[in-house]
Amino acid sequence: MVVYKKRILRNNQICEIILDNLKENDNIVKKEDLVKRLINWASLSTIYRGISRLEKKGLIVAFDAANDKYIAYIGDRSNKSLDLAFFVCDVCHQRFWLKLSNTTLEKIKREIKKLYDFDSKFVLYEFHGVCKSCLLSKKSNSLNLKKEEINHENSSYANR
Ligand SMILES: [Zn+2]
């Protein structure tokens, strides 16, 4: 029976550690990174068991974004949900995300609740496009190109 107690404790501990890790990382982590951080503390099966226990409790949500697995802490918010905008740059493959708070979203969720009797706890928007730094480097590239064109024009003008 001591072994049984130990196992319970370990499961509770792993849940606490997972939640701590999520909170330290602004409530969203890549599953792969979480496992890497916790693998020295617990076995892979204990970590996965902890994740599924927290999922069943409704404290976290596991989701796929841009072909990767993520975990987000949604907490015990009774009538609130986590609305996440996930951005993927198709040029440099950088990902970043924002938590949204918008009254239009609240309205949609209320409508969904009314129409389908579905309580939204987590809403994910995935945006694919070009990030700021890629846009800037694209712009400066085209500026350089223009400069070269101008230089070329100037030189051809000078050769006349
Ligand atoms: Zn980019």
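Up top is the structure.
Everything quoted here is computed from the prediction, not taken from an experiment.

Chemist: It is not clear to me how the environment of Glu32 should be interpreted in this structure. Could you clarify?
Modeler: Here Glu32 is to be found in helix 2 (residues 31-38). Along the primary structure Glu32 and Lys69 are separated by 37 residues, whereas in three dimensions their C-alpha atoms are 7.4 Å apart.

Chemist: Teacher, can you tell me more about the sheet that holds strand 2 (residues 60-65) here?
Modeler: What holds strands together in a sheet is hydrogen bonding between their backbones, with the strands either parallel or antiparallel. On the basis of which strands lie adjacent, the open sheet formed by three strands has the order 1-3-2 and antiparallel pairing. Each having just a single partner strand, strand 1 (28-30) and strand 2 make up the two edges of the open sheet. Neighbour-to-neighbour, the strand axes of the sheet open up by a mean angle of 25°, direction not taken into account. Relative to strand 3 (residues 68-73), strand 2 runs antiparallel, the two sharing six bridges. When the bridges of strand 3 are listed, Phe63 appears paired with Tyr70. Packed on one face of the sheet, helix 2 meets strand 1 and strand 3 and runs near 85° to strand 1.

Chemist: Help me understand the packing of aromatic side chains, please; the structure alone is not making it clear to me.
Modeler: The description of an aromatic ring pair rests on the distance of the ring centres and on the angle between the ring planes. Scanning all chains against the criterion turns up nine aromatic pairs. Between Phe63 and Tyr70 the ring centres are 5.6 Å apart and the planes differ by 15°, which places this aromatic pair in the stacked class. The residues Phe63 and Tyr70 share a single accessibility class, namely buried. Taking 5.1 Å as the distance between ring centres and 70° as the angle between the ring planes, the aromatic pair formed by Tyr70 and Phe86 counts as edge-to-face.

Chemist: What is the right way to look at the nonpolar core in this model?
Modeler: In summary, soluble globular proteins display a tendency toward joint burial of nonpolar side chains. By size, the foremost hydrophobic cluster in this structure holds 17 residues, and its most contacted members are Ile18, Leu22 and Ile60. Filtering out sequence-adjacent residues up to four positions away, Ile60 remains in contact with Leu19, Leu22, Ile51, Leu54, Glu55, Ile71, Ala72, Tyr73 and Ile74. Counting residues in hydrophobic clusters, the runner-up holds 13 residues, among them Phe63, Ala65, Leu84 and Phe122.

Chemist: For this particular structure, what's the right way to read the environment of Leu100?
Modeler: Residue position: Leu100 is located in the loop between strand 5 (95-99) and helix 4 (103-116). Separated by 25 residues in the primary sequence, Leu100 and Tyr125 place their C-alpha atoms 9.8 Å from one another.

Cut-off values and rules
Residues numbered from 1 in each chain as written. Predicted model: local features only at pLDDT ≥ 70, side-chain atom pairs only at ≥ 80, totals over all residues. Heavy atoms only, no water. Helix = DSSP H or I, 4+ residues; strand = E, 2+ residues; numbered from the N terminus. Pairing = 2+ DSSP bridges. Axes fitted to C-alpha atoms, helices over the stretch in contact; angles between N-to-C directions. Contact = heavy atoms within 4.5 Å. Phe/Tyr/Trp six-rings, centres within 6.5 Å; stacked < 30°, edge-to-face > 60°. Buried < 20%, exposed > 50% of the residue type's maximum accessible area, 1.4 Å probe, protein only. Core = buried A, V, L, I, M, F, W, Y, C linked by side-chain atoms within 4.5 Å.

As far as function goes, none of this settles anything; it's purely spatial.
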